[in-house]
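What the coordinates show
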Amino acid sequence: MEQTSGTAIVWFRQDLRLHDNPALSLAAQAGRVLPIYILDDETAGKYRMGGASRWWLHHSLASLDKALGGRLQLFRGPADEIITRLVELHAVTGVYWNRCYEPWRIQRDIAIKKMLTQKRIAAHSDNGSLLWEPWQVLKGDGTPYRVFTPFFRKGCLQSAPPRRPLGAPTAIEPVSDPQAQTLDELGLLPHIRWDQKLASHWSVGEAGARETLRQFLDRGLDGYKEGRDFPARANVSRLSPHLHFGEISPHQVWHAASAGPDNRDRDHFRSELGWREFSYYLLYHFPDLPHTNLQPSFSNFPWAEDAVALKAWQQGRTGVPIVDAGMRELWQTGYMHNRVRMIVGSFLVKNLLLHWHSGERWFYDCLVDADLANNSAGWQWIAGCGADAAPYFRIFNPVTQGQRFDPDGVYTRRFVPEIAALPDQYLFNPWEAPEAVLRDAGVRLGETYPAPIVNLKASRERALAAFQSMKSAS
Ligand code: FAD
C-alpha cells in the first residue's frame, strides 16, 4: 500500500469525467488523491439503477478508470460505511464530491458530511452538473417557480451566466485501497447478455461524450428547432446519457453551443438544456415528484389496470405502428426520440388509461439516460398532472403524429419491419388499409403484425370522460 498521509478522497458519482470536474480539480491541488466510485444500491432502494443504466455505468467506469491510469477504486455497499472506513484507514484530510439532487442522495450526503465534520475531516461539495443551483432561482416572493418559461427566461437567464468549464487537472497522484473491488465484481452487466445490442449505438465514456458533442455541433444547430421533432432526422444531439452520467457537463455543452451568433435554433437548444435544469429544480423543490402528482386533483383519477395491455406496450406490440416503433427503439438502443417519448407516453396514460408510474418504471429500467428528475418530470408532464404540464385533454393522435413527424415512414419502417412494405398512406393505420393493400404488403393483421389493442377514437373519449369525472370529484 502507498504512503497514506494527507490524502484527499474524490468521490465520483454522476460526474464520470476529468474535464470540468470541480471536485476533482480542487482535490488534485490538495495532494494525493484516492479516486473512488461506490455502487450504493442499499441507500438507493427502489431508485437503484435499472438494467440499461447499469450497462452504461459499467462501460463508463471502465473508461474513467483508463483515463485515471487504472487507479479508480471501486466499491459496492452503503456509501456512509465505505467512506467511514476509508477516511480512517488512509488518514484522509478531505472528501470532495460534486452535488447530486435526488432526494435519497441529498439525505445520504448530508449524513456523510455530518460524520466527516465530527471527525474534523473537510467535506467539500461543489456544483458539477447544473448550470444554476435550484435554491438560487426563486420568484420575487422567495417561492419556487412552477412554470418553465419564467423559470428559465427570468429566473435563470437574468441571473449570473453559467461558469466557464474547467480544464482537466494536469497531474494526479493516485492512492489505492486494498479492499477495492474489480469492475466485474460490481456485477453491472446482465447475466443474459441482452445488452450486446446496445453497444453499436453508443460510444460510452468522456471521450465518446466529447466526440458526440463535436459531431453534433459540426452538423450545425441550423434547423434544430424544427428538426428536433422528427425522429428520423439527425438534428438532436443524443447527449442525454452522457449528461446523465456526467461524462460531459452542461457547462461544456452550453458554452460550446453558444459559440457563434445567437439565432432561434441555438436559443432553442439552450432552452432544452433549460428543461433539464427545470426537471432538477422541480425534483429539488418538490422531492415527491417521482411518485406524487404535482396537481393534487389527479389523486382522484380513475386509472385502469390491464397487465396484458401494459405488456403489449412494453414489447412494442400494440398494433399502433408509431407507438411500437418507439417502444422497440427503446428496447434495441436504450434510447427513444423525445417526440416519440411523448407519443408512447400519451398512448399509455390516455388511450390505455394506465398509471404514469408504470410508464415511468419501464423507462427507468430500459433507458440508458434514465434520470430520476427528467423521467419523473417527463411523465408528469405527459400525464397532465405535473407543473406546467400538457393539458390532460390534449391527447396525441398517434396516426396523425406519425404522418406529421415521420412523413416518409423511415423511422417507423426501421423499427417495425413487418409492415415496411405498406404504402405511406396506411403505414400508421394499417387497420384502415383495404384487404388487397395488406395482402400486397405481406401483412396479415393479428398474425404478422398485431391488430390495434384499442380503438383510438373510443379510448380517447373514455380518457376525456375519466378526466371529467376526476374534475367533478375534486
Ligand atoms: P437534445 O434535443 O439534443 O437536447 C439536449 C439535452 O437537453 C438533452 O440531452 C437533455 O439533457 C436535455 N433535454 C432535451 N429535452 C428535454 C426534456 N424534454 N426534458 C428535460 N431535458 C431535456 N431525458 C433524460 O435525460 N432522461 C430521462 O429519463 C428522460 N425521460 C423522459 C420521459 C418522458 C416521458 C419524456 C417525455 C421525456 C423524457 N426525457 C428524459 C427528456 C427527453 O426526451 C430527452 O432528454 C431527450 O430525448 C434526449 O435526447 P437528446 O440528448 O438527443 O436531446
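Quick caveat: nothing in here was measured; it's all calculated off a predicted structure.

Structural notes on empty space enclosed by the protein
- If you walk through the whole model with that rule in mind, you get four cavities of 30 Å³ or more.
- Taken as a whole, the largest cavity encloses approximately 290 Å³ of empty space.
- Lining the largest cavity are 26 residues, and of these Gln-14, Tyr-37, Met-49, Trp-104 and Arg-105 lie nearest its centre.
- At the level of elements, strand 1 (7-12), strand 2 (32-39), helix 2 (41-44), helix 3 (51-67) and helix 5 (103-118) are the ones that each hand at least two residues to the lining of the largest cavity.
- Its residues placed into classes, the lining of the largest cavity shows 14 nonpolar, four polar and eight charged.
- Per-domain counts for the lining of the largest cavity show at least three residues from each of domain 1 (7-129) and domain 3 (296-473).
- In this model, the second largest cavity occupies a volume close to 70 Å³.
- Looking at the lining of the second largest cavity, the elements with two or more residues in it are helix 10 (240-244) and helix 12 (264-285).
- When the residues that make up the lining of the second largest cavity are grouped by side-chain class, the tally is four nonpolar, three polar and three charged.

Notes on the site of the ligand
- Near the ligand you find 25 residues, and of these Tyr-224, Ser-237, Arg-238, Asn-338 and Asp-369 are the closest.
- Here an oxygen atom of the ligand and a side-chain polar atom of Tyr-335 are 2.9 Å apart.
- Expressed as a share of its isolated accessible area of 810 Å², the protein-covered part of the ligand is 95%.
- When atom positions are compared with the pocket grids, the ligand is found to occupy the largest pocket.
- Where the shell around the ligand is concerned, the elements lending two or more residues are helix 10, helix 12, helix 15 (338-351) and helix 17 (372-383).

Comments concerning the packing of aromatic side chains
- Considering all chains together, one arrives at 33 aromatic pairs under this definition.
- Between Trp-202 and Tyr-335 the ring centres are 5.8 Å apart and the planes differ by 65°, which places this aromatic pair in the edge-to-face class. Note that Trp-202 is positioned in the loop between helix 7 (196-199) and helix 8 (206-219) and Tyr-335 in the loop between helix 14 (321-333) and helix 15, a separation of 133 residues in sequence. Across the pair, Tyr-335 and Trp-202 agree in class, each one buried.
- Here Phe-230 and Phe-405 contribute two aromatic rings whose centre-to-centre distance is 5.5 Å and whose plane-to-plane angle is 70°, an arrangement assigned as edge-to-face. Within this pair, whereas Phe-230 is found in the loop between helix 9 (224-227) and helix 10, its partner Phe-405 is found in helix 18 (residues 398-405), the two being separated by 175 residues in sequence.
- Here Phe-230 falls in the buried class, since its relative accessible area comes to 11%.
- Accessibility expressed as a relative area gives 6% for Phe-405, which makes it buried.
- Put simply, the rings of Trp-132, Tyr-145, Phe-148, Phe-151, Phe-152, Trp-254, Trp-275, Phe-278 and Tyr-281 touch in pairs and so form one group of aromatic residues.
- Note that Arg-238 overlies the ring of Trp-202, its terminal NZ or CZ placed 4.6 Å from the centroid.

With respect to the environment of Arg-462
- Assignment of secondary structure puts Arg-462 in helix 22 (residues 456-473).
- Arg-462 sits in the partly exposed class, given a relative accessible area of 38%.
- For the pair formed by Arg-462 and Ala-44, sequence separation is 418 residues and the distance between their alpha carbons is 38 Å.

Conventions and cut-offs
The written sequence of each chain sets the order in which its residues are numbered from 1. Since the coordinates come from a predicted model, pLDDT governs what is reported: local features require at least 70, and pairs of side-chain atoms require 80 or more to be given and counted, while whole-chain, interface and lining totals use all residues. Side-chain calculation: all heavy atoms of the structure are included, whereas hydrogens and water are not. Each cavity reported here is a set of points on a 1 Å grid over the protein atoms alone in which a 1.4 Å probe fits but cannot get out, each pocket an open set with protein on both sides within 12 Å along at least five of seven lines, and each lining residue one with an atom within 4 Å of a point. Grid points are joined across faces, edges and corners, and a volume is the space filled by probe spheres set on the points. Every helix listed is a DSSP run of H or I at least four residues long, and every strand listed is a run of E at least two residues long, numbered separately from the N terminus. Asp, Glu, Lys and Arg are counted as charged, while Ala, Val, Leu, Ile, Met, Phe, Trp, Tyr, Cys and Pro are counted as nonpolar; the rest, among them Gly, fall into the polar class. Annotation comment: domain bounds sourced from an automatic or database domain assignment. A single heavy atom is enough: if one lies within 4 Å of a molecule or strand, its residue is considered near that molecule or strand. For this analysis, a polar contact is any N or O atom pair within 3.5 Å, provided that within protein one partner can donate a hydrogen and the other can accept it, and provided that sequence-adjacent residues contribute only side-chain to side-chain pairs. For the area figures, the Shrake-Rupley method with a 1.4 Å probe applies, and any residue is considered shielded solely by the protein chains shown. By definition, a pocket or cavity contains a molecule when more than half of the molecule's atoms lie within 2 Å of the pocket's grid points. Any two rings among Phe, Tyr and Trp, with Trp reduced to its six-membered ring, count as a pair given centres within 6.5 Å; such a pair is stacked if its planes are under 30 degrees apart, edge-to-face if over 60, and tilted if neither. Burial classes follow relative accessibility: with a 1.4 Å probe on protein chains only, a residue under 20% of its type's maximum area counts as buried, one over 50% as exposed, and anything between as partly exposed. Over a ring means this: the NZ of a Lys or the CZ of an Arg is within 6 Å of the ring centre and within 35 degrees of the ring normal.

Function cannot be read off these values alone, since they describe shape.
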